[in-house]
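Residues per chain are reported as follows:
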Amino acid sequence: MRVLRPLRSVALAVLIVLLVGGLGVYLALRASLPRLEGNITAQVSAPASIERDAEGTPVLRATTRADLAFATGFAHAQDRYFQMDLMRRAAAGEMAELLGAAVLDTDRKLRVHGFRRVAREVIAAATPSDRALLEAYAAGANFALAEASAKPWEYLLLGEQPAAWQPEDSVLVAFSMYLNLNDSSGSDELARLQLYEALPPTMFAFLAPLGTEWDAPIAGGTIRSATIPSADIFDLRTGAARSAALSAPRTDGVMEEKTFFGSNSWAVAGSHTVDKGALLANDMHLGLRLPHVWYRARMIVEAEGNARRDLVGVTLPGLPALIVGSNGQVAWGFTNSYGDWTDLIIVERDPKDASRYLTPEGSEPFEVRQEILNVKDGDPEKLTVMTTRWGPIVREDAANRPLALAWTAHHAQATNFRMLDLETADNVEAALSAANRAGVPVQNFLAVDASGRIGWSLMGQVPVRGKYDSTMPYLWNTPGAGWVGWRKPEEYPRIVDPTAGRLWTANARTIDVESWLSFMGDGMYDNGARAAQIRDDLLALDSANARDMANIQLDDRALFLIRWRDLLLELLNEDAVKGRPLRAEARKYLEDWSARAAAEDVGYRLVRAMRLQIRKDVFESLTAVARVKFPETKFAPSAQFEGPLWQLVTRRPVHMLDPRHANWEEELLASVDAAIQGLLEECGTLGQCTWGAQNTLAMRHPLSQAVPFIGRWLDMPAQPLAGDSFMPRVQGPAFGASQRLVVSPGREAEGYFQMPGGPVDHPLSPFYGAGHEAWAHGEPRPLLPGEPRHILKLLPGAAARQ
């Protein structure tokens, strides 16, 4: 007992230390909560305010646009400064300075683009009024940091000080969206070239068509896949193709569909709605993480005439503009266009001097710059970047030739602040004109106005190309190659007030293929199945209302997979399941499926997994020659491979049959068995393999993965979710609708809104995760914020701007 007493004393002392330490941490975190009420003397020319409702959604009020920018910067920094910091650092390749060596490799890849230099060029070229707004926004953000009782909580854990916000940082935030939405590596183009070099041209064209029977453009028709090449062109049963199919190692695991960072958006004209007001719906599909990408707000300038603003929708922390929403006269939304905005260029070194390269005008020296990568708790690292007149060197090809990347984002003229002009657009034409002049990653742009009209065009700056195939690496030192200018606003395609009274976009081709390719190229756009389902949903409504739009956003019917389920049932016939209990069990689940991507559905997951396995096995046998020739490249089917794949599995030509199998039934059943085995390894039994068990939300804060035991407080609940990729309700574990918006301009009080993650990033805030459950369950909530519960007033003082 005498021995135990000292041990108890020690344990009690340790417990007290832990409690005191825990209390200290808690109090420090509490101190970093933003101030929500009271009066603050700030750098505003007249009183401004930040009102927050019961869920923390802000209404920002000011009497000038500059003061509104200040208030926006202040609110963003209060609620999301760590997010702002990460986005600017990611674009600039400066994350290791804050997070350490673990992200150094990412910095190396991103610093190559020199976005901080380009951001400064964008600021220099901006109009005085645009610069004034960016400066006011930066002043508001920095004032929020200075006024706070403690630095944001993430910096407390990291032991770092937040760096001040600069106007150029707002441009870097815009560049972070380019990185999300465009291919910044050129890897897709290089893989496409290698596949082209390994296959007969006809076979390559068959495997990589421009469209399928699922196409659903607003204008123009579908593209049928080419006929299956004959055996004298390509024969898997003989020669080099057979040898490669038998010898090439197969890829481990599931080959999922490509994730299309994009969105759904559609519009219905007033002539086809209940109240004669045009309706806009938009849900943007991005990675789901914390802090969440968007910041919901209502932004009001209480003034007369053109100076007045009443904006509602989502903003992007780091920028003083409304991204998507309504100004009371016009509402707008967009989806990623998947035009071709990057080109990979084969650079030929000067044979007489390796420090130079060949251009159409002769030899030219590489530009070489030295970058310093600062590393938290480590030594700085030097990075040498080689650049050409076309762009930086990002990789080498199989012949060790340098490859440069031409990207619209590298050009200052591709990025500007004309999106701000949408704030005062009062009709569809004015909105489309603003979109055509805006400098952002090129988007499909939809607008509706208060008179009931609707329109589509493109938003963002589009390069003019010479005559060459921009989908593969190309020599730009040849005549006629390269970019030769930028499209003029009057050249942009437009569709206004279509006869059908509906418009829709979903990351697939939106107009006829000839016009599409000549204007914007092929950026490997999505299969049209999702767009087709949205189109058909819209056309089925004679007279639509806002609730109908919200219902379409939640449409999880698996129309794309119905024919696959039917094919699998035919395949798993009486002979195929005889003596094979797992096949028989799988067939039962296929028979009982709900034809929806429902969280509780086993049959849906089986159909999906079996199709993906068949797709993978067929594609890998057909492209084995490329994998043997280029073993380091990861080849994957394009989104349009569904067309040729369906031809193959239904027509079953012998010369396209994997030589490991005697007939197509045997090959397809082998894929089915492999899919079943993969599911059993994941789930234990097929009955436990619901779709929700795979499609479980994983929306996490980056620090929850770095600091043990805090994930339960930071991360959103791991919920099984409905939805998938080939349907309007796009949903994956860490990808999906980043918001759902339905609005009719002038009728914002009748609009709907949903957003995951909540408005703030502080886990002790009462607003943390607010609204998330409504998003997860697909429950539409009012677009407009509720009555104010907290009001913070920003009052002018001696330091006010003149």
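All values reported here derive from a predicted model rather than from experimental measurement.

Thresholds, definitions, all that
Residues numbered from 1 in each chain as written. Predicted model: local features only at pLDDT ≥ 70, side-chain atom pairs only at ≥ 80, totals over all residues. Heavy atoms only, no water. Core = buried A, V, L, I, M, F, W, Y, C linked by side-chain atoms within 4.5 Å. Buried < 20%, exposed > 50% of the residue type's maximum accessible area, 1.4 Å probe, protein only. Helix = DSSP H or I, 4+ residues; strand = E, 2+ residues; numbered from the N terminus. Contact = heavy atoms within 4.5 Å. Phe/Tyr/Trp six-rings, centres within 6.5 Å; stacked < 30°, edge-to-face > 60°. Arc of directions from axis to C-beta. Pairing = 2+ DSSP bridges. Polar contact = N/O pair within 3.5 Å; in protein donor to acceptor, adjacent residues only side chain to side chain.

Quick word on the nonpolar core
Point 1. If you look at the biggest cluster of nonpolar residues, it comprises 162 residues, and the most contacted ones within it are F175, W294, L316, F445, M549 and L794.
Point 2. In terms of residue count, helix α2 (residues 65–92) provides more of this core than any other element does, 14 residues in total.
Point 3. Excluding anything up to four places from it in sequence, M549 contacts W266, V268, L279, A281, L538, L541, A544 and V742.
Point 4. Of all hydrophobic cores here, the second largest spans 70 residues; its members include A208, A241, A609 and W691.

What about the packing of aromatic side chains?
Two measures describe an aromatic ring pair: the distance that separates the ring centres and the angle between the ring planes.
Point 1. Tallied over the entire structure, the rule returns 23 aromatic pairs.
Point 2. Ring geometry for F82 against Y155: centres 5.7 Å apart, planes inclined by 80 degrees, an arrangement best described as edge-to-face. Linking F82 in helix α2 with Y155 in helix α7 (residues 153–158), this pair joins segments that are 73 residues apart in sequence.
Point 3. Assessed through its relative accessible area of 1%, F82 is described here as buried.

Some thoughts on helix α5 (residues 115–125)
Residues that lie three or four places apart on an α-helix share one face, since the helix turns once every 3.6 residues.
Point 1. Those residues of α5 lying buried are F115, R116, V118, A119, V122 and I123. Projected down its long axis, α5 shows its buried positions confined to an angular sector of 160 degrees, all on one face. More than 90 degrees from the buried face of α5, the exposed residues found are A124 and A125.

Comments concerning the sheet that holds strand β13 (residues 362–365)
Point 1. Taken in spatial order, the three strands line up as β11-β12-β13 in an open sheet, and their pairing is antiparallel. Pairing within the sheet leaves two strands with one partner each, and these edge strands are β11 (349–350) and β13.
Point 2. Pairing geometry for β11 and strand β12 (residues 353–359), over two bridges, is antiparallel. Looking at the pairing, D350 lines up with D353 of β12.

Digging into the pairing of strand β7 (residues 309–315)
Point 1. Counting buried residues in β7 gives six out of seven residues, a clear majority hidden from the surface.
Point 2. Sheet topology note: the strand β6 (residues 295–301)/β7 ladder contains seven bridges and is antiparallel. Residue pairing across strands places R298 opposite V312, the latter belonging to β7.
Point 3. Two strands pair when backbone bridges link them, and β7 and strand β8 (residues 322–326) are joined in this way by four bridges, in the antiparallel orientation.

Observations concerning the side chain of T342
Point 1. Structurally, T342 can be placed in strand β10 (residues 342–346).
Point 2. For T342, the side chain forms a polar contact with the main-chain oxygen of D183, separated by 3.4 Å.
Point 3. When residues no more than four places from it in sequence are discounted, the contact partners of T342 are D183, E189, L405, A406, W407, R465 and S470.

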